[in-house]
Amino acid sequence: MQLSSSVQIDASRQDIWNTITDWEGLADRISGIQSVEILEKPKSGIVGFKWRETRVMFGKEATETMWVTEAQEPEFYEVGAASHGSKYETSFRILGEGQPFQLEMNFKGTPQSTSAKLMNALMGWMFKGATKKALHQDLKDIKGHLEKDK
């Protein structure tokens, strides 16, 4: 499953970058996130930053461990995760040459185990819809946070 969503944000590139890389403040800014626990901080940069994030999905709490796999500050970063027999990749990209900038979020979920492949074949359409909605809401929440005083 591959999904993409984007939103225009009337804020500076640096303000957008600072907001999307402030993992300690995620639960305060993004309505779908219940809590964040920081697990590892690299000595420099953000590659290797690792956290545990709890969300409510399908009416139940779901906690995933995620880590930054690649980044070019203040342009983009990519996140990896693995859970329930699947591999997940998410990226955030700040696009454009001036305000407003476009914040793009891409998500890719790849089933690895036989049970994950079967579950994806049977219920993938349901997960895709819920995940697309969550991506879009996350972006709307970030936009709202950055534009709240405008």
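Residues numbered from 1 in each chain as written. Predicted model: local features only at pLDDT ≥ 70, side-chain atom pairs only at ≥ 80, totals over all residues. Heavy atoms only, no water.

K.L.:
Got a minute to help me understand the sheet that holds strand 3 (residues 50-57) in this structure?
P.N.:
What holds strands together in a sheet is hydrogen bonding between their backbones, with the strands either parallel or antiparallel. Strand order in the open sheet made by the seven strands is 1-7-6-5-4-3-2, with antiparallel pairing throughout. The sheet terminates laterally at strand 1 (2-9) and strand 2 (33-40), the two strands that pair on one side only. The average undirected angle you get between the axes of adjacent strands in this sheet is 25°. Alignment of strand 6 (residues 86-95) against strand 7 (residues 101-111), held across ten bridges, turns out to be antiparallel. Bridging across to strand 7, Tyr-88 finds its partner in Gly-109. (Pairing = 2+ DSSP bridges. Helix = DSSP H or I, 4+ residues; strand = E, 2+ residues; numbered from the N terminus. Axes fitted to C-alpha atoms, helices over the stretch in contact; angles between N-to-C directions.)

K.L.:
I tried to follow the nonpolar core on my own but got confused; where do I start?
P.N.:
One recurring pattern in soluble globular proteins: nonpolar side chains tend to sit buried together. In this structure, Ile-16, Ile-20, Tyr-77 and Leu-103 are the most contacted members of the largest nonpolar core, which totals 29 residues. Elements with a contribution of two residues or more to this core: strand 1, helix 1 (13-20), strand 4 (60-72), strand 5 (76-83), strand 6, strand 7 and helix 3 (114-147). If we ignore the near neighbours within four places in the chain, the residues touching Tyr-77 are Trp-17, Ile-20, Thr-21, Trp-23, Ile-46, Val-68, Glu-70, Ala-71, Thr-90, Ser-91 and Phe-92. (Core = buried A, V, L, I, M, F, W, Y, C linked by side-chain atoms within 4.5 Å. Buried < 20%, exposed > 50% of the residue type's maximum accessible area, 1.4 Å probe, protein only. Contact = heavy atoms within 4.5 Å.)

K.L.:
So what exactly am I meant to see when it comes to the pattern of salt bridges here?
P.N.:
Between side chains of opposite charge, a pair can form when the charged atoms approach closely. On inspection of all chains with the given rule, the structure shows eight salt bridges. For Glu-53, the salt bridge identified is with Arg-55, shortest N-O distance 2.8 Å. Residue class for Glu-53 comes out buried when judged on its relative accessible area of 8%. Note that Lys-143 and Glu-147 form a salt bridge whose closest N and O atoms lie 3.2 Å from each other. With Lys-143 and Glu-147 both in helix 3 and four residues apart, this pair spans about one turn of that helix. Within this structure, Glu-53, Arg-55 and Asp-138 form a network of salt bridges that share partners. (Salt bridge = Lys/Arg side-chain N within 4 Å of Asp/Glu carboxyl O.)

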